[in-house]
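Architecture at a glance
Read off the chains here:
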Amino acid sequence: MPTKGAIPIESLFDPDYPQRFAAFAADHWSAIAALCLSALLLYWFRNRLAGSDRAQSIVKWTLLTALLLPEAALHIWYGVKGVWNPATSLPLELCSLTLFLSAALLITGADKLYPLVYFAGIGGAMQAILTPSLDYPFPHFRFFHFFIIHSAIILTALYMTWVRKYRPTWRSIGWTMLFLNGAALAVGLINMALGSNYMFLMRKPETSSLLDLLGPHPYYILAEELIALMLFVVMYALFFALPSRVARYRKRAAPKAGSSSSID
């Protein structure tokens, strides 16, 4: 018999869970903190991981598990609970697409997948984590599914950058924008056929989000395009182009400094 105040295990999978997720409550901050701590540890140990094939294999399979196991469990949950609906249950959200791209990148190491995961994966998953379109709070199964997979998308991009040394280019920003527009076109056609709202192309989410600041439909979609392009440019310039230029400048300046000191 459960103790007084304990939550029955079966209720953690209840689609009609009585409580609702509240943005920036303690459980939300805890999920954000867990992601930040994981990213810091990944960065701190990046050089050790880069020098160990075994460690890289552990990280790779940990990330793959975090990406695919919760997603598989979600679709099993849909079926078992009888709540599967083609208008809401297909993996056609942007983060669902980048989830599978992240898994494919980890498995294949394909260069062309990396910028999609770095730009679209980090950008989309970070927005989702900061403004979740989520009904279920901790400790419901959907809470863990949501934050584990979105965190895993971001950590996959960081792992491939910091440990595997993958790098985007200016050209890959255009490739990512083409991918996003192609995906939006395909998903938009599916939305019209099913009456669905995948990728929020037909209307804004019911919960508060950044889209609330971007005007009515369809203008917020155009604003999203511009913001995505600006974000990708900043992500490349700040973390790759600028550090590379600074490194080249220091490399050119180092011999001059050395020759000056020898003359003295």
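In this convention, every chain numbers its residues from 1, walking through the sequence in written order. A pLDDT threshold of at least 70 governs which residues receive local features in this predicted model, and a stricter bar of 80 or more applies before side-chain atom pairs are shown or counted, although totals over entire chains, interfaces and linings include all residues. Water and hydrogen atoms were dropped before computing side-chain values, which therefore reflect all heavy atoms in the structure.

Structural notes on the overall build of the protein
Each helix and strand in the protein was counted, giving eight helices and zero strands. Helix and strand assignments come from DSSP, with helices taken as H or I runs of at least 4 residues and strands as E runs of at least 2, each series counted from the N terminus. N-terminal to C-terminal, the α/β element order of the protein is α-α-α-α-α-α-α-α. Dimensions along the principal axes, computed over C-alpha positions, put the protein at roughly 80 × 50 × 35 Å. Looking at the protein as a whole, 39% of its 264 residues qualify as buried. Whether two residues touch is decided by their heavy atoms; if any such pair falls within 4.5 Å, the residues are in contact. When contacts within the protein are restricted to residue pairs at least 6 apart in sequence, those whose partners lie at least 24 apart make up 71%. Surface summary for the protein: the accessible area is close to 15300 Å², and the carbon and sulfur share equals 68%. Counted as positive: Lys and Arg. Counted as negative: Asp and Glu. His and the chain ends are not counted at all. Charged groups are reduced to one reference atom each: NZ for lysine, CZ for arginine, CG for aspartic acid, CD for glutamic acid. The average position of the 21 basic charges and that of the 14 acidic charges among the side chains of the protein differ by 16 Å. Think of it in three bands: with a 1.4 Å probe and only protein chains considered, a residue is buried below 20% of the maximum accessible area for its type, exposed above 50%, and partly exposed in between. Here, Shrake-Rupley sampling with a 1.4 Å probe gives the accessible areas, and only protein chains in the shown set may cover a residue.

Observations concerning the environment of L210
Counting through the fold element by element, L210 comes out in the loop between helix 7 (170-194) and helix 8 (219-263). What makes L210 partly exposed here is its relative accessible area of 43%. Between the C-alpha atoms of L210 and L69, which are 141 residues apart in sequence, the distance is 29 Å. Not counting the four nearest positions on each side in its chain, L210 is found in contact with Q127 and T131.

Observations concerning the packing of helix 3 (residues 53-81) against helix 4 (residues 94-108)
Orientation is described by axes fitted as lines to C-alpha atoms, over the contacting stretch for helices, and by angles from 0 to 180 degrees between their N-to-C directions. Viewed as axis vectors pointing N to C, helix 3 and helix 4 meet at an angle of 150°, and their least axial separation amounts to 10 Å. Here helix 3 lies roughly antiparallel to helix 4, going by the angle between them. Considering only the axes of helix 3 and helix 4, their crossing is left-handed. Counting all contacts with helix 3, which are made through K60, L63, L64, L67, L68 and E71, the residues of helix 4 involved are L99, F100, S102, A103, L106 and I107. Gly is put with the polar residues, along with every residue not named as nonpolar or charged; the nonpolar set is Ala, Val, Leu, Ile, Met, Phe, Trp, Tyr, Cys and Pro, and the charged set is Asp, Glu, Lys and Arg. Of the residues contributing to the contact of helix 3 with helix 4, the split by class is nine nonpolar, one polar and two charged. Any angle between 65 and 115 degrees counts as roughly perpendicular, while under 35 counts as roughly parallel, over 145 as roughly antiparallel, and the rest as oblique. Handedness of a crossing is defined here by the sense of rotation of the near helix relative to the far one, left-handed for an anticlockwise turn of less than a right angle and right-handed for a clockwise turn.

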